[in-house]
Amino acid sequence: MDYLFDDWDILKDRLRDKYLFIFLDFDGTLAPIARTPDEAVLPNGIKRMLKELSKKTSCRIAIISGRSLSDLKRKFGGLKGIVYSGNHGLEIEGPKIKFSPLVSSGYLMAIKTIKSILLKKTRAVKGALLEDKKLSLSLHYRLVDEKQVNMVKTIFHETVIRYLAGGRVRVKEGKKVLEIRPPSEWDKGKVVLWLLSREKFAKYGRDVLPIYAGDDLTDEDAFKVLKRIGITVFVGKPSHRPSGAQYYVKDTGEVAKLLRNILGI
Ligand SMILES: [Mg+2]
């Protein structure tokens, strides 16, 4: 991975006269990571720049997050003109876009049952937080006493095992969170390709250049599909973990710097 700003002069020429499709993760990319999901805040400077970029006819912005769509939109204060993809792409909304890939009723029933069981079983566990994102369900244990974490994990796995075995749900483990998702293979990479293919009719005769910035493991799916056709940016120090991105910037402050540079082209 190369430090993005070392190559900025070359990149600047690549970006010029292109239709830019800028994909951005939210937590840890635009907003610094907070103690709880509720406490994460979008910095005002970034919000202003996203607004300016979204008004350009040569630019499209999409936010790609695991948060629910309504929660994500709230974090942006209803900022219009950009595409929001929530729930890992299960809910997408933006100018002339409203999309939800098929989620079976069997899955929705399973998730409802799992939620009520988990609510009952974790009620007595201090710090366990069940987040109902409608199309997915997250059990956060960041605030659970360390001695009780294994118990929480056991409760979770015992509850979901028969739905997992039946192929009715999929389970993903994140940073201090266990998550239930639909069994379909839909990830950030597929969301990006889907949005790109939609956009090819709206580019005003220019070549489309996708740019993607993210800090999560789930962003790697997007890095992979964009490797040859776009500019991929890992947010974090390269020593933090290996990434398939071509470039890195150190933190959310440098993501702001990148957006400022793009505005200045
Ligand atoms: Mg993130």
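Note that the coordinates shown come from a computational prediction; the quantities given were computed from them, not determined experimentally.

1. Things to note about helix α8 (residues 252–263)
Compared with an ideal rise of 1.5 Å per residue, which puts twelve residues at 16 Å, α8 spans 17 Å between its outermost C-alpha atoms and is within 8% of the ideal. For α8, the complete set of buried residues consists of T252, V255, L258 and L259. Relative to the axis of α8, the buried residues are bounded by an arc of 100° and lie together on one face. Buried residues in α8 make contact with α2 (44–55), β11 (208–214), β12 (231–235) and β13 (247–249).

2. Here we look at the environment of D38
Relative to the elements of secondary structure, D38 occurs in the loop between β2 (19–24) and α2. Separated by 192 residues in sequence, D38 and G230 place their C-alpha atoms 32 Å apart.

3. Comments concerning the sheet that holds strand β9 (residues 170–174)
In spatial order, the strands read β7-β8-β10-β9; together these four strands make up an open sheet with antiparallel pairing. Two strands close off the open sheet at either side, each with one partner strand: β7 (129–132) and β9. With strand direction ignored, the average angle separating the axes of adjacent strands in the sheet is 20°. Against the sheet, helix α4 (residues 105–122) makes contact with β7, β8 (137–140) and β10 (177–181), and its axis sits at roughly 160° relative to β7, the strand it touches most. Packed on one face of the sheet, helix α5 (residues 146–165) meets β8, β9 and β10 and runs near 15° to β10.

4. Observations concerning the pairing of β12
In terms of burial, β12 is largely enclosed, as five of its five residues are buried. Pairing geometry for β12 and β13, over three bridges, is parallel. Looking across to β13, one finds that V235 is bridged to V249.

5. As for the nonpolar core
Membership of the largest hydrophobic core comes to 42 residues, with the highest contact counts inside it found for F23, A62, I63, V192, Y212 and V233. With six residues, the single largest contributor to this core is β2. Excluding anything up to four places from it in sequence, Y212 contacts F23, V192, A222, F223, L226, G230, T232 and V233. Counting 22 residues, the second-largest nonpolar core is a separate cluster that includes I111, I114, A128 and V169.

6. Looking at the domain arrangement of the protein chain
According to the domain assignment, the protein chain consists of domain 1 (2–101 + 186–263) and domain 2 (105–181). Taking only C-alpha atoms, the centre of domain 1 and the centre of domain 2 are 29 Å apart. Listed per partner, the contact involves five residues of domain 1 and five residues of domain 2. The residue inventory of the side of domain 1 that touches domain 2, partitioned by class, reads one nonpolar, three polar and one charged.

Thresholds, definitions, all that
- Residues numbered from 1 in each chain as written.
- Predicted model: local features only at pLDDT ≥ 70, side-chain atom pairs only at ≥ 80, totals over all residues.
- Helix = DSSP H or I, 4+ residues; strand = E, 2+ residues; numbered from the N terminus.
- Expected span 1.5 Å × (residues − 1).
- Buried ≥ 20, exposed ≤ 12 C-beta atoms within 10 Å, placed from the backbone.
- Arc of directions from axis to C-beta.
- Contact = placed C-beta atoms within 7 Å.
- Pairing = 2+ DSSP bridges.
- Axes fitted to C-alpha atoms, helices over the stretch in contact; angles between N-to-C directions.
- Core = buried A, V, L, I, M, F, W, Y, C linked by C-beta atoms within 7 Å.
- Domains from an automatic or database assignment.
- Nonpolar A, V, L, I, M, F, W, Y, C, P; charged D, E, K, R; others polar.

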